[in-house]
Amino acid sequence: MDSSKKNSAAGIYNDASPANDTATTAGSPAEDLKQNINESINSIEKTLGILHQLYLTVSSYNVSSQLLLLQCLNNLVLELDNMVKFGGKCNIQVPMEVLNLIDNGKNPDEFTRDVLNSCIAKNQITKGKTDAFKGLRRHLLEELEQAFPEEV
């Protein structure tokens, strides 16, 4: 009996069947990326479910649950393999600052907030420069009009 049938018989959710593999379609790159991201998200959710089931199995472990424990571990390995496969298809770049914030136990939203605040500040500076150039242009036109009224 193959592993997907054994796992289904044991009540373990394993979605590693060939029917759920990514079908090759002639979609746009954006659609393919979206599909790959969705598959990665689903794989992460399945992995979390398997980890929870593994936690429950280990916390109430007895000799009779050894087969269930082995099946959970096998499912975890399969799903981690799927996660790597799907994740390899997603070309997502995470800034090192975000990873450092996560490593330091901070919320990555702080990085987003800081980047947005920086963009707003730069936008205000650029707006000020634009307004200054508009004022300079207006002032130069007034000066030209006073110096050369017939030509302006």
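Residues numbered from 1 in each chain as written. Predicted model: local features only at pLDDT ≥ 70, side-chain atom pairs only at ≥ 80, totals over all residues. Heavy atoms only, no water.

In the nomenclature of an unreviewed UniProt entry, the protein chain is known as Mediator of RNA polymerase II transcription subunit 10 of Nicotiana tabacum. Per UniProt, the comment on the protein chain under Subunit (unreviewed entry) is "Component of the Mediator complex." For the record of the protein chain, the UniProt heading Subcellular location (unreviewed entry) holds the text "Nucleus". (UniProt positions renumbered as here; feature names shortened; annotations may be inferred.)

## Some remarks on the overall build of the protein chain
The helix and strand inventory of the protein chain stands at five helices and zero strands. For the protein chain, the succession of helices and strands along the chain, N to C, is α-α-α-α-α. Burial status across the protein chain gives 16% buried among its 152 residues. Within the protein chain, counting contacts between residues at least 6 apart in sequence, those at least 24 apart form 62% of the total. Of the roughly 11600 Å² of accessible surface on the protein chain, 59% is carried by carbon and sulfur atoms. (Helix = DSSP H or I, 4+ residues; strand = E, 2+ residues; numbered from the N terminus. Buried < 20%, exposed > 50% of the residue type's maximum accessible area, 1.4 Å probe, protein only. Contact = heavy atoms within 4.5 Å. Areas by Shrake-Rupley, 256 points an atom, 1.4 Å probe, with all protein chains shown as cover.)

## Remarks on the environment of Q53
You can see Q53 is positioned in helix 2 (residues 29-59). Considered as a pair, Q53 and L69 are 16 residues apart in the sequence and their alpha carbons are 9.1 Å apart.

## Overview of the nonpolar core
Grouped together as the largest cluster of nonpolar side chains are five residues: I50, L54, L69, C72 and L76. For this core, the secondary structure elements donating two or more residues are helix 2 and helix 3 (66-89). Here this core takes three residues from helix 3, the largest share from any one element. Once you skip the residues sitting within four places of it in the chain, L69 turns out to touch L54, T57, V58 and Y61. (Core = buried A, V, L, I, M, F, W, Y, C linked by side-chain atoms within 4.5 Å.)

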